[in-house]
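Architecture at a glance
Each chain, written out:
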Amino acid sequence: NSSATGSLETVSLAGPLRWRLVARGEERQLAILRRWIRRRLPACPARDDVVMVANELASNAIRHTASGQGGWFAVEVTWQPGLVRVAVADCGGPQEPVVIEDPGGESGRGLFLVRQLSASIGMSGNHHGRLLWADIAWPMPPAARPGHAADRAVSGTVRQRPQASGGVRRQA
């Protein structure tokens with residue numbers, strides 16, 4: 001099954017909008033992540049940057065940490081007027097992430113690309129687990145708030161829980 005292992009999604013009606021996804025540390029989860037983000041943010045060039053940054057950070061978690069060795073990774077996307085933050089938590093690894101300054105290199109340019117597309121980036125944690133985040137400029141006016149109408153439920157919170165089949169079902 002190619003769906004995320006389990007995910008929890010929360011949308012706040014007051015203040016920034018925030019979505020979370022937890023997935024198995026498998027390459028095939030990257031396509032699910034990209035679709036998941038595209039479903040939540042309106043189409044524009046900034047959304048493409050958000051998708052690319054999230055994909056690079058999650059890909060690094062899978063390839064370079066214990067997340068890709070039977071672990072998991074978590075992604076949080078936070079939208080507020082003028083800015084989208086993408087944060088990816090991983091299961092940790094022996095080496096800290098490094099930005100390789102060679103844009104013409106054959107590999108290892110992921111964090112360089114993240115830095116180029118982002119207003120700011122950061123990291124916290126250690127070999128037991130890290131959180132990498134990036135802030136991407138979002139030039140849309142505040143009235144153009146992203147999200148599905150279904151995500152703006154009366155209660156203000158939408159949660160997703162894994163089904164027995166490994167799929168995801170909504171609960172309000």
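The present account deals with the structure reproduced in this document. (Residues numbered from 1 in each chain as written. Predicted model: local features only at pLDDT ≥ 70, side-chain atom pairs only at ≥ 80, totals over all residues. Heavy atoms only, no water.)

Counted by the stated rule, this structure contains 0 aromatic pairs. Over the aromatic face of tryptophan 133 sits the side chain of arginine 85, whose NZ or CZ is 4.0 Å from the ring centroid. (Phe/Tyr/Trp six-rings, centres within 6.5 Å; stacked < 30°, edge-to-face > 60°. Lys NZ or Arg CZ within 6 Å of the ring centre and 35° of its normal.)

As a further point, take the environment of arginine 24. Inspection of the secondary structure puts arginine 24 in strand β1 (residues 17-24). Placed 47 residues apart in sequence, arginine 24 and glycine 71 show a C-alpha to C-alpha distance of 6.2 Å. (Helix = DSSP H or I, 4+ residues; strand = E, 2+ residues; numbered from the N terminus.)

What follows covers the sheet that holds strand β5 (residues 129-138). Within a sheet, each strand pairs with its neighbour through backbone hydrogen bonds, oriented either parallel or antiparallel. Strand order in the open sheet formed by 5 strands is β1-β2-β3-β5-β4, and the pairing between neighbours is antiparallel. Every interior strand has two partners, whereas the edge strands, β1 and β4 (120-126), have only one. Adjacent strand axes in the sheet meet at a mean angle of 15°, parallel and antiparallel pairs treated alike. When strand β3 (residues 82-89) meets β5, the two strands line up antiparallel, connected through 8 bridges. (Pairing = 2+ DSSP bridges. Axes fitted to C-alpha atoms, helices over the stretch in contact; angles between N-to-C directions.)

In this section: the pattern of salt bridges. In total, this model carries 6 salt bridges according to the counting rule given. Between glutamate 76 and arginine 20 there is a salt bridge whose closest N-O contact spans 2.4 Å. With glutamate 76 in strand β2 (residues 72-80) and arginine 20 in strand β1, the pair connects residues that are 56 residues apart, well separated along the chain. Classification of arginine 20 as partly exposed rests on a relative accessible area of 30%. (Salt bridge = Lys/Arg side-chain N within 4 Å of Asp/Glu carboxyl O. Buried < 20%, exposed > 50% of the residue type's maximum accessible area, 1.4 Å probe, protein only.)

This part is about the pairing of β4. Of the strand pairs in this sheet, β4 and β5 are connected by 7 bridges, and their pairing is antiparallel. Bridging from a neighbouring strand, glycine 125 pairs with arginine 130 of β5. Taken together, β4 and the strand that follows it, β5, pair antiparallel across an intervening segment of 2 residues.

Further remarks concern the nonpolar core. Residues Ile37 and Val86 are the most contacted members of the largest nonpolar core, which totals 32 residues. Elements with a contribution of two residues or more to this core: β1, α1 (29-40), α2 (45-64), β2, β3, α3 (110-117) and β5. Looking at this core element by element, the count peaks at 9 residues for α2. If we ignore the near neighbours within four places in the chain, the residues touching valine 86 are Val50, Val53, Ala54, Leu57, Val75, Glu76, Leu132, Trp133, Ala134 and Ile136. (Core = buried A, V, L, I, M, F, W, Y, C linked by side-chain atoms within 4.5 Å. Contact = heavy atoms within 4.5 Å.)

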